[in-house]
Structure formats: structure tokens, C-alpha cells
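Listed here are the chains, written in short residue letters.
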Amino acid sequence: MSNPNVRIDNERVERFLYDEASFLDRPDLDRWIELYTDDGTYWMPAVEDQVDPINHISLFYDDRVLMEIRRRNFVHPRAASKDYKVRCSHIISNVRSEISDDGSLTVTSNFQCVVYYNGKQTLYAGNYVHELLQADDSFKIRHKRVNLINCDGVLGSIIIYL
């Protein structure tokens, strides 16, 4: 439920989303993971309109521990991901924010992400749902959901977080 008495600074929200996208584009997973709360989660449903990640199969549903493991594996000198450079470009649009009664901020946006890896270019598109908490002069991500438009289609390996 939205609280109409609280004003949302959309510019700050958009800047936060752009910063997150920039960390993923580089990729700088050290800085990216710092954007999450200690109990933060990252979810990519396997089917359209999936209700929850616990009772249904997901493409992935990572808590902070799993994100840390993936980050460490990604930067490990012997990781397969080191064989080829990962290049990404995220485009975010149609950002909309709503404040809940508990003070969290639900932000929806559309995205397109192009990933170039091992001589192959892959396009991902869909929408994000971020649940953000105020943290000093910025935000922290408590939960991020990535809804791919082709989540139930044939997907190759997703080499980097979207």
C-alpha cells in the first residue's frame, strides 16, 4: 500500500539503478554486492508471473551468501569466466517508485542488457522489481526480481548477473 504523504526523489532512485547497472557493466561485483542488505536476495523466476521462489523452480534465487560465492568464483584466477572478457551494456527505462507503509520503496523498471562473451552476443530484456531500503544518503537492495520476457524459453548460460 502506498503512503501518499511521503515524497519520492525519483532522481536519486534512478541514479541508484544506473549505478547498479554500471557496476554490472564493468563488471565490478565487489561494488555491486555492497548495494545489498545483509539479508538481501536476488531472484530470477523460471516462468511468467511466478508467485514465489521457495515453492517453485527458479532460474536462480540467491541470498547474500550465494551472491558472495558467485562473486568469488567469477573473479577467481582459475575461473572459466576468466578465459574471455565479459562485456555488458544495461539500459534501464520506465522507472516507477512507490513507498510502502513499512517505509520500503518498491521500484519497477524495464531493462535491456546486451552481454558479449566468448565471441557471442546475447540480448536479455524484461523488467526489474527492486525493493529498496533507505541507507544514509542512498539505498540498499533488500530484494531484486528479474522478470525476463523469455524466462520460459531456451536460455544459454547466464555468465553475469543481469
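In what follows, the structure referred to is the one given above.
What you are looking at is a predicted structure, and each value in this text was computed from that prediction instead of being measured. (Residues numbered from 1 in each chain as written. Predicted model: local features only at pLDDT ≥ 70, side-chain atom pairs only at ≥ 80, totals over all residues. Heavy atoms only, no water.)

Q: Summarise the environment of Ser104; cite the residues concerned and give the values.
A: Counting through the fold element by element, Ser104 comes out in the loop between β3 (87–99) and β4 (105–117). It is 36 Å that separates the C-alpha atoms of Ser104 and Gln121, two residues lying 17 residues apart in sequence. Beyond its immediate stretch of four places on either side in the chain, Ser104 contacts Glu98, Ile99, Glu131, Leu132, Leu133 and Arg142. Polar side-chain contacts of Ser104 include one of 2.7 Å to the side chain of Asp102. (Helix = DSSP H or I, 4+ residues; strand = E, 2+ residues; numbered from the N terminus. Contact = heavy atoms within 4.5 Å. Polar contact = N/O pair within 3.5 Å; in protein donor to acceptor, adjacent residues only side chain to side chain.)

Q: Provide a residue-level description of the nonpolar core, including the pertinent values.
A: Membership of the largest hydrophobic core comes to 39 residues, with the highest contact counts inside it found for Trp32, Tyr42, Leu105, Val115, Leu148 and Leu162. Sequence-distant contacts of Leu148, defined by excluding residues within four places in its chain, comprise Met44, Leu59, Phe111, Tyr124, Ala125, Gly126, Leu155 and Leu162. (Core = buried A, V, L, I, M, F, W, Y, C linked by side-chain atoms within 4.5 Å. Buried < 20%, exposed > 50% of the residue type's maximum accessible area, 1.4 Å probe, protein only.)

Q: Break down the environment of Ile54 for me, with residues and values.
A: Counting through the fold element by element, Ile54 comes out in the loop between β1 (36–45) and β2 (58–63). On the basis of relative accessibility, which here comes to 63%, the residue Ile54 falls in the exposed class. Residues Ile54 and Pro77 lie 23 residues apart in sequence; the distance between their C-alpha atoms is 33 Å.

Q: Quick rundown of the state of the cysteines? Include the residues and the values.
A: Tallied over the full model, the rule gives zero disulfides. In this structure Cys88 is not part of a disulfide, and its nearest cysteine sulfur, from Cys113, lies 4.9 Å away. According to the relative accessible area criterion, Cys88 is buried, its value standing at 13%. The thiol of Cys151 is not disulfide-bonded; the next cysteine sulfur, from Cys113, is found 16 Å away. (Disulfide = S-S within 2.5 Å.)

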